[in-house]
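So you can see what is in the structure, the chains are spelled out below.
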Amino acid sequence: MTTRHTVEMGGQTISWLQSGRGRTLILLHGFPLHAAMWEALHATTPHGWTLITPDLRNFGESRGTPALSVDDHAADVLSLLRHLGCEDAAIGGLSMGGYVALAVHRVAPQRCRALVLADTRAEPDADEAKANRVRLQATARERGPDAVLEAMLPKLVGPAAQASGSVAEQLKAIASANRAEGVIDGLEALKTRPDARPGLAAITCPTLVMVGADDALTPPSAAETLRDGIAGAQLVVIPDAGHMSNL
Ligand code: MLT
């Protein structure tokens, strides 16, 4: 059974979906989405595990002061671990969620029992990508969060899923629950995230890197950089999947 929990911690109101009972796996969502992107996964949480999927601050049902950096979101994940009474957890994320998982490891490596880095990258935004974030912030301000999702869709959905249209419909439904402020701040956090490559050699916990073979946003070459930089990391390439590989 999947349950929703909402708690105030560290001055922020953080909400999450939870299923199962046992060792903790926290999975962090991509942009511009929220925890509902993991809903189907909650139905298959294996015996012996608790799956926790938070809404990052000012996405979904989480609320708080503006979160303008991946470190702000990492601080919330660490508050959540403290709230749950967990010394450590397997921490993973897809895309933006992966950037935040890498930030959690950078600030508190002892809290990471294992990492799952899905459809994400260690490199920071290049200048062109930063300029695109600024354009998308203007889109969010002028036309709302749905228009941001619409602009990103061609890169979020791979060719196999484009044919059916169902992944795009799911993404639209999830993204439409977000508010413009959260999306604008989220773009700021994406734009200003640091280069995670120098920290890869410090990752010693078991790490699974995953990527959709047809991911156009964080392609398999970015996953190879993660695999090559993290000693012992495993890379799994998912055939016929695009950027939102879990969907
Ligand atoms: C995401 O899926 O979280 C974003 O597309 C990541 C990004 O744009 O860098």
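Enquirer: Help me out: how do you make sense of the site of the ligand in this one?
Expert: Taken together, Gly 30, Phe 31, Ser 95, Met 96, Tyr 99, Arg 133, Met 152, Leu 217 and His 243 make up the full set of residues adjacent to the ligand. With respect to the ligand, the backbone of Phe 31 contributes an N or O atom lying 2.7 Å from an oxygen atom. Taking Tyr 99, its side chain carries an N or O atom lying 2.6 Å from an oxygen atom of the ligand. Here the ligand, which alone exposes 270 Å², has 96% of that area covered by the protein. Its residues assigned to classes, the shell around the ligand shows five nonpolar, three polar and one charged.

Enquirer: Even after reading the chapter, I still don't get the packing of helix H2 (residues 70–84) against helix H3 (residues 96–107), so can you show me in this structure?
Expert: Helix-helix packing is characterised by the crossing angle of the two axes and by the distance between the axes. Two elements in contact, H2 and H3, have axes separated by 8 Å at closest approach and are oriented at 70°. Taken as axis vectors, H2 and H3 run roughly perpendicular relative to one another. Residues Val 70, Asp 71, His 73, Ala 74, Val 77 and Leu 78 of H2 pack against Tyr 99, Val 100, Ala 103, Val 104, Arg 106 and Val 107 of H3. Here the contact of H2 with H3 is composed, by residue class, of nine nonpolar, one polar and two charged.

Enquirer: Looking at this structure, I do not really get unusual backbone geometry. What am I missing?
Expert: Negative phi is the rule for most residues except glycine; trans is the rule for most peptide bonds. That bond from Phe 31 to Pro 32 is cis: its omega, 0°, falls within 30 degrees of zero. If you trace the backbone, Pro 32 turns up in the loop between strand E3 (22–28) and helix H1 (39–42). Even without being a glycine, Asn 58 presents a positive backbone phi close to 70°. Mapped onto the elements, Asn 58 comes out in the loop between strand E4 (48–54) and H2. Residue classification places Asn 58 among the buried positions, given a relative accessible area of 6%. For Asp 119, which is not a glycine, the phi torsion comes out positive at approximately 45°. Summarising the element assignment, Asp 119 is placed in the loop between strand E6 (112–118) and helix H4 (127–143).

Enquirer: Just to check I follow, could you spell out the nonpolar core for this structure?
Expert: Side chains of a nonpolar character, in soluble globular proteins, are inclined to be buried together. Core analysis: the biggest nonpolar cluster contains 67 residues, and Leu 28, Phe 31, Ile 91, Val 104, Leu 115, Val 157 and Leu 171 have the highest contact counts within it. When residues in this core are grouped by element, the largest group, seven residues, is from H3. When residues no more than four places from it in sequence are discounted, the contact partners of Leu 28 are Trp 38, Pro 54, Leu 56, Val 77, Ile 91, Gly 92, Gly 93, Leu 94, Gly 97, Val 100 and Ala 101.

Enquirer: Help me out: how do you make sense of the sheet that holds strand E7 (residues 207–212) in this one?
Expert: Pairing between the strands of a sheet comes from backbone hydrogen bonds, and it takes one of two forms, parallel or antiparallel. Across the sheet, eight strands lie side by side as E1-E2-E4-E3-E5-E6-E7-E8; this open sheet has mixed pairing. Unpaired on one side and paired on the other, strand E1 (3–9) and strand E8 (234–238) mark the two borders of the sheet. The sheet shows a mean angle of 25° between the axes of neighbouring strands, taken without regard to direction. Examined bridge by bridge, strand E2 (residues 12–20) and E4 share five bridges and lie antiparallel to one another. Note that in E4 the partner of Leu 17 across the bridge is Thr 53. Set on the sheet, H2 makes contact with E1, E2, E3, E4 and strand E5 (89–94); between it and E2 the angle comes to about 60°. Most of the contacts of H3 go to E5, to which it runs at about 145°, and overall it touches E3, E5 and E6.

Scoring rules and cut-offs
Residues numbered from 1 in each chain as written. Predicted model: local features only at pLDDT ≥ 70, side-chain atom pairs only at ≥ 80, totals over all residues. Heavy atoms only, no water. Near = heavy atom within 4 Å. Polar contact = N/O pair within 3.5 Å; in protein donor to acceptor, adjacent residues only side chain to side chain. Areas by Shrake-Rupley, 256 points an atom, 1.4 Å probe, with all protein chains shown as cover. Nonpolar A, V, L, I, M, F, W, Y, C, P; charged D, E, K, R; others polar. Axes fitted to C-alpha atoms, helices over the stretch in contact; angles between N-to-C directions. Helix = DSSP H or I, 4+ residues; strand = E, 2+ residues; numbered from the N terminus. Parallel < 35°, antiparallel > 145°, perpendicular 65-115°, else oblique. Contact = heavy atoms within 4.5 Å. Buried < 20%, exposed > 50% of the residue type's maximum accessible area, 1.4 Å probe, protein only. Core = buried A, V, L, I, M, F, W, Y, C linked by side-chain atoms within 4.5 Å. Pairing = 2+ DSSP bridges.

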